[in-house]
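Here's the letter readout for the chains.
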2 protein chains.
Amino acid sequence: MNLMHWRLLVAVADHGSITAAAGHVGMTQSAASQAMAGMEATLGAQLFTREPRKTLPTALGLSVIEQARVMLGALQAIRSTVDEARPMLRGTIRIASFPMVLATFLTPFLQRFRQLYPGIDVTTLDVTDNEVLTLLEADLIDLGVVLNPKPERQATILGRDCWMAVLPTNHPLAQRPADASVSLEELFEQAFVLATGGCSANARSLGAAVGLTLRDIRVEVREWSSAFSLVREGVGVTLVPEMALPVERQGLRVMPLTAPRYREFALVGSPNRPPSAAAAALLKMLAER
Amino acid sequence: MNLMHWRLLVAVADHGSITAAAGHVGMTQSAASQAMAGMEATLGAQLFTREPRKTLPTALGLSVIEQARVMLGALQAIRSTVDEARPMLRGTIRIASFPMVLATFLTPFLQRFRQLYPGIDVTTLDVTDNEVLTLLEADLIDLGVVLNPKPERQATILGRDCWMAVLPTNHPLAQRPADASVSLEELFEQAFVLATGGCSANARSLGAAVGLTLRDIRVEVREWSSAFSLVREGVGVTLVPEMALPVERQGLRVMPLTAPRYREFALVGSPNRPPSAAAAALLKMLAER
DNA sequence: AATAATTACGATGCACGTAAGAATG
DNA sequence: CATTCTTACGTGCATCGTAATTATT
């Protein structure tokens, strides 16, 4: 009982003749006759009455045909689905992002994506946030991770994290109760260790956005981890994304901001051309996550 | 791409493993692996990603599986339909009716029925209306045609026809305009040819039902055709069912009754036992006609 | 080592086509 | 006599199973 046989069954019903149906599905009269006989034998019931000039469905045949159409419809739907998905089957996506984000958000997501779209090669570049913009502008990558995307740019949010104040345990502000917070204004008055994580979005830019400036920058470092050492040594306080916090926080007091500030990571496509089918699939999956 | 393969596809999705799915549908690992590879090759797209411990559907695979379930559902529906229809596949129905009805209503209907239920033998007996009742009562037949069934008896209407007055062309009442009618009262006053057609429902019983009696019965015959000859010869007028009218109406004036009277034919089952599956199928088909 | 998938290969069987036969109008 | 379905028979492809291979944990 092959699938072709169900097509044949419906064709016989539509044409009122095995011969005509056979021609329609590309079989011999003989093959069609045998196939129909075989189906009836398998089901153990007569589906058509053979009269000299025409073969018409029995009552049971009519029911069966109706459901056979459903079956064939589903089969056709499968074929359409596959054909429509064909552009997304193969392809390449180059994604640029900056350190931390790659490991924290992108990697687990891409693992799932690669599982769902095994034909699409996804390569990632680990650069700075400014370089992402350059690469996007030059169309050297398909997608890039940007921080705090402008609303006019269509961007898909990948995740966000919260800026946290980090102080030496013995710092006066660190003596507040367990669930206390610290305001950006207070923080900016302190001796400060400015860490950038290689990003242009850092404590300084965060302050600038609300008209605050750091009063007393003692050191400026690129690596977040360096900043934590300096804070432990009592050089100053610092402000870092939650994601960058170390597991070992001995000697550090981590406090939320009174008015929480976030940085959002989003994936954006090239500003110059629409995303490829592969990239579109990735963005769609991200949006539906 | 066999139907079993679609079952396999769904089973793989459900079990997350080709091996487990193979066992579930009764195949070897090898056969299953080959089958899946074959399906993917035929569709020209990868449906699963093979990882060492599990094989999970790709995005396309998920869509395909969804529709494959529809397909298999339809297939299962077909199997159920056939199984449920099995009692109606074979059987015997004996139907008793009386002349005219058999030819006019029953035969074309039974022709269609035999086409739709070729496994059911339908035999017909041609008897009088009284005999039908006797046969039904004695459970010697499955179905019988009765005239004007009592409402309390569950009966399926086969058809009806209209009582018509038949007069000699030169009869005084026959001189009325083309679309004129004649009342039962007028008719019963005339010299009358009483025809019965072998039925107990005839002009006399029709009159008795409304308190009229035939004033002047000149002849009483069994065959309708005999009555028409007598009317042509001017022996009297008669009242016959429309169905019984001859094609050749030379010398006859056929007029409707002023208050039309009908006789209804209906199929009823035995009053003692429920109808067989086969008989039920016939009654259902008649009711849905 | 254990589990899972793929590959190789031989065998079975099913479905097809050619061709002849039967039935019906 | 033409049309349609069925039967007979031989062939070929598809699919299956056994068993060996690969790959991963």
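If you're wondering where the values come from, they're calculated on a predicted model, not measured in any experiment.

Assigned secondary structure in chain A consists of ten helices and eleven strands. Computed over C-alpha atoms, the radius of gyration of chain A comes to 33 Å, more than 25% over the 19 Å expected from 2.2 N^0.38 for 289 residues, which places it beyond the range of a compact globule. Roughly 13,800 Å² of accessible area belongs to chain A as shown, and the carbon and sulfur atoms make up 52% of that amount. Distance between charge centroids for chain A: 6 Å, based on 27 positive and 27 negative side chains.

Where charged atoms from two side chains of opposite charge come close, those side chains can pair. Residues and elements named next belong to chain A. Tallied over the full model, the rule gives 26 salt bridges over all chains. The partner of R273 in a salt bridge is D139, with the nearest N and O atoms 3.6 Å apart. Linking R273 in the loop between strand 11 (262-269) and helix 10 (277-287) with D139 in the loop between helix 6 (129-137) and strand 5 (143-147), this pair joins segments that are 134 residues apart in sequence. The class of R273 is partly exposed, set by a relative accessible area of 30%. For D139, a relative accessible area of 24% gives the class partly exposed.

The next thing to look at is the protein's contact with DNA strand D. Around DNA strand D sit 19 residues, and of these I18, T19, S33 and R50 of chain A together with T28 of chain B come closest. In this structure, R50 of chain A approaches DNA strand D through a side-chain N or O atom, which is 2.7 Å from a phosphate oxygen. When residues of the surface near DNA strand D are traced back to their parent elements, those giving at least two are helix 2 (18-25) and helix 3 (29-43) of chain A together with helix 3 (29-43) of chain B.

A separate point is the interface of chain B and chain A. Contact with chain B, which involves 37 residues of that partner, is made by 37 residues of chain A. Counting each side, the surface lost to burial between chain B and chain A is near 3,000 Å², with a carbon and sulfur contribution of 72%. When the buried surface of chain B facing chain A is broken down by residue, M71, I78 and Q115 of chain B rank first, second and third, together holding 18% of it. For the side of chain B that touches chain A, the secondary-structure elements that each account for two or more residues are helix 1 (3-15), strand 2 (55-57), helix 4 (59-85) and helix 5 (99-116) of chain B. The residue inventory of the side of chain B that touches chain A, partitioned by class, reads 24 nonpolar, nine polar and four charged.

All right, on to the relation of the copies chain B and chain A then. The two chain copies are related to each other by a rotation about an axis together with a translation along it. The operation relating chain B to chain A is a screw motion whose rotation component is 180°, with 0.1 Å of axial translation and a residual RMSD of 0.2 Å. When the rotation and shift are considered jointly, the pair of chain copies conforms to a two-fold rotation axis. Closest approach to the rotation axis among the C-alpha atoms of chain B is made by M71 of chain B, whose C-alpha sits 2.3 Å away. The fraction of interface residues of chain B whose copies in chain A are also interface residues reaches 100%, indicating that both copies meet through the same surface.

In this section: the nonpolar core. Ranked by internal contacts, the top residues of the largest apolar core, which has 62 residues, are W6, L9 and M71 of chain A together with W6, L9 and M71 of chain B. Of all elements in the fold, only helix 1 (3-15), helix 2, helix 3 and helix 4 (59-85) of chain A together with helix 1, helix 2 (18-25), helix 3 and helix 4 of chain B reach the threshold of two or more residues within this core. Residues contacting L9 of chain B, with those up to four places away along its chain left out, are M36, M39, L47, F48, V64, I65 and A68 of chain B.

Residues and elements named next belong to chain A. Counting through the fold element by element, D161 comes out in strand 6 (residues 155-168). Residue class for D161 comes out buried when judged on its relative accessible area of 4%. At 3.3 Å, the side chain of D161 forms a polar contact with the backbone nitrogen of M243. Beyond its immediate sequence surroundings of up to four residues, D161 is in contact with P241, E242, M243, R261, Y262, R263 and F265.

This brings us to the confidence of the model for chain A. Within chain A, residue pLDDT values average 94, and 100% of them lie at 70 or more. When mean pLDDT is compared element by element in chain A, helix 4 of chain A scores highest at 97, while helix 5 (residues 99-116) of chain A scores lowest at 88.

Cut-off values and rules
Residues numbered from 1 in each chain as written. Chains lettered and ligands numbered in written order. Predicted model: local features only at pLDDT ≥ 70, side-chain atom pairs only at ≥ 80, totals over all residues. Heavy atoms only, no water. Helix = DSSP H or I, 4+ residues; strand = E, 2+ residues; numbered from the N terminus. Rg over C-alpha atoms; globule rule 2.2 N^0.38 Å. Areas by Shrake-Rupley, 256 points an atom, 1.4 Å probe, with all protein chains shown as cover. Lys, Arg positive; Asp, Glu negative; His and termini not counted. Charge placed at Lys NZ, Arg CZ, Asp CG, Glu CD. Salt bridge = Lys/Arg side-chain N within 4 Å of Asp/Glu carboxyl O. Buried < 20%, exposed > 50% of the residue type's maximum accessible area, 1.4 Å probe, protein only. Near = heavy atom within 4 Å. Polar contact = N/O pair within 3.5 Å; in protein donor to acceptor, adjacent residues only side chain to side chain. Contact = heavy atoms within 4.5 Å. Buried area = accessible area lost by both parts, 1.4 Å probe. Nonpolar A, V, L, I, M, F, W, Y, C, P; charged D, E, K, R; others polar. Least-squares fit on C-alpha atoms with pLDDT ≥ 70 in both. Core = buried A, V, L, I, M, F, W, Y, C linked by side-chain atoms within 4.5 Å. pLDDT = per-residue confidence, 0-100.

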